[in-house]
Amino acid sequence: MYMESITYHEPSLSNFDLYTFGEGKGPELVITAGIHGVEQTAIYTAYQFIDYFTQHPPKGTVRIIPIVNKPAYFNRDRVSPYDRIDLNRIFPGNPSGTQTEQLAHKIWEVTRNADYIIDLHCCGEHGSTYIMSLYSEYDHQYTLARKLGIENIVHTGGARGQLFLEACHEGQQAMLIEMKGGQPDGVVDVSTADSTFKKLKDLFRYTGNIPSENDVEDKYVQFHHKMTTMKSNRHAFFRPYMSAGTRCKKGDILGMLDNEKVQAPFDGYIAAINRPRYCFSGERMVRIAENNM
Ligand SMILES: [Zn+2]
């Protein structure tokens, strides 16, 4: 018997590309993107850092995985078509599980030595850029957020199996950044990528991976409670009056559902708000997080 495996189209999908920069003496930073394959602003930002560190070798070690979930990426989807499992709910994975569970296990293995893990995501074209954080449990989450300077920080709902959250529980410093763009169809919001790239460079001066003469200053940021999702209670036309990425006061009119006002239930941050569309009963109109402190 003779069997050969013939690869007729590159890339094969059960692999990921891991870029490593630096000499290894100093802090290890890992950047991941594309855990959800359609989230392309995140992927684009990871590639910006591959270019950057190619030209400017870091201190310590920087490892970048620009597209973690290739089957999802090539399917322009959040999850892999192999098993439809959400990769960011199953860390640390399973070496003898399904394809996505094995991927989680391998990503978990290669990120064990990291001092810092920055996991890049997207929350849609109708979304905005903010940090998902576990600041109630780990003080380093405040520090990282203030050094980075993305203005709005939303407390995570705490779903287990997320890479950044499981890494925090293991004693690593990890953060999840949600960026505008991605869904649907894999759109890249270039201006979001550019501004996030600049802010992350500042954070990497703080982590010690980019040489810096000066201390990195704290920026103004606002912490918020967990996300509240406001859903339509019937089939009706939703028309937004406010924009994603802005703050609202209690009672502000966020939009109209046919002739009924959709009002802010508290002072908060509008993380995402739908475009004008016919909303079906139970569908999301607004994602909003109440101010904390
Ligand atoms: Zn995501």
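Owing to the predicted nature of the structure, the values given are computational and were not obtained by experimental measurement.

Looking now at the coordination of the zinc ion. Geometrically, a metal with four donors at the corners of a regular tetrahedron has ideal angles of 109.5 degrees, and one with six donors at the corners of a regular octahedron has ideal angles of 90 or 180 degrees. Within the first shell, the zinc ion binds the protein through His-36 (ND1), Glu-39 (OE), Glu-39 (OE) and His-121 (ND1), at distances of 2.0 to 2.5 Å. If you look at the zinc ion, its 4 donor atoms make angles of 55 to 148 degrees with each other, and the shape they trace is irregular. Counting residues between consecutive donors of the zinc ion along the chain gives the motif H-x2-E-x81-H. On the criterion of sequence distance, the pair formed by His-36 in the loop between strand 2 (28-33) and helix 1 (40-55) and His-121 in strand 4 (residues 116-122) is long-range, its members being 85 residues apart. You can call His-36 buried: its relative accessible area is 3%. Of the residues examined, His-121 reaches a relative accessible area of 2% and is grouped as buried.

Attention now moves to the pairing of strand 6 (residues 152-155). Regular strands place side chains that alternate from one sheet face to the opposite one. Side-chain alternation along strand 6 places Asn-152 and Val-154 on one buried face and Ile-153 and His-155 on a second face that is also buried. Bridge count for strand 5 (residues 130-133) against strand 6 is 3 bridges, and the pairing is parallel. Bridge pairing links Ser-133 to His-155 in strand 6. Viewed along the sheet, the connection from strand 5 through helix 4 (residues 140-148) into strand 6 turns out right-handed.

There is about 500 Å³ of room inside the largest pocket. Along the wall of the largest pocket there are 26 residues; nearest its centre are Arg-78, Arg-89, Met-132, Glu-178 and Arg-287. Elements represented by at least two residues in the lining of the largest pocket include exactly strand 4, strand 5, strand 7 (173-179), strand 10 (222-231) and strand 17 (284-291). Of the residues belonging to the lining of the largest pocket, the class tally is 8 nonpolar, 11 polar and 7 charged. Formed jointly, the lining of the largest pocket draws a minimum of three residues from each of two domains, domain 1 (19-207) and domain 2 (228-291). Here the second largest pocket is characterised by a volume of approximately 150 Å³. Every residue lining the second largest pocket is listed: Leu-13, Ser-14, Asn-15, Phe-16, Val-68, Lys-70, Pro-71, Gln-99, Gln-102, Leu-103 and Lys-106. Those elements that place two or more of their residues in the lining of the second largest pocket are helix 2 (70-74) and helix 3 (99-110). The element that contributes the greatest number of residues to the lining of the second largest pocket is helix 3, accounting for 4 residues.

The next thing to look at is the domain arrangement of the protein chain. Along its sequence, the protein chain is organised into domain 1 (19-207) and domain 2 (228-291). One C-alpha centre belongs to domain 1, the other to domain 2; they are set 28 Å apart. Tallying the contact residues gives 9 residues for domain 1 and 13 residues for domain 2. Between domain 1 and domain 2, roughly 840 Å² of surface is buried when both sides are summed, and carbon and sulfur atoms account for 44% of that area. Broken down residue by residue, the surface that domain 1 buries against domain 2 is led by His-126, Ser-128 and Asn-152, which jointly contribute 59%. The interface formed by domain 1 and domain 2 contains 1 salt bridge. One salt bridge connects Glu-151 with Arg-247, and the closest N-O pair in it is separated by 3.6 Å.

Conventions and cut-offs
Residues numbered from 1 in each chain as written. Predicted model: local features only at pLDDT ≥ 70, side-chain atom pairs only at ≥ 80, totals over all residues. Heavy atoms only, no water. Donors = N, O, S within 2.8 Å, 3.2 Å for Na, K, Ca; no water. Tetrahedral: all angles 85-135°; square planar, octahedral: opposite > 155°, others 65-115°. Helix = DSSP H or I, 4+ residues; strand = E, 2+ residues; numbered from the N terminus. Buried < 20%, exposed > 50% of the residue type's maximum accessible area, 1.4 Å probe, protein only. Pairing = 2+ DSSP bridges. Right-handed = clockwise from strand over helix to strand, strands pointing away. 1 Å grid on protein atoms, 1.4 Å probe; cavity = no way out; pocket = protein on both sides within 12 Å on 5 of 7 lines; lining within 4 Å. Points joined across faces, edges and corners; volume = space filled by probe spheres on them. Nonpolar A, V, L, I, M, F, W, Y, C, P; charged D, E, K, R; others polar. Domains from an automatic or database assignment. Contact = heavy atoms within 4.5 Å. Buried area = accessible area lost by both parts, 1.4 Å probe. Salt bridge = Lys/Arg side-chain N within 4 Å of Asp/Glu carboxyl O.

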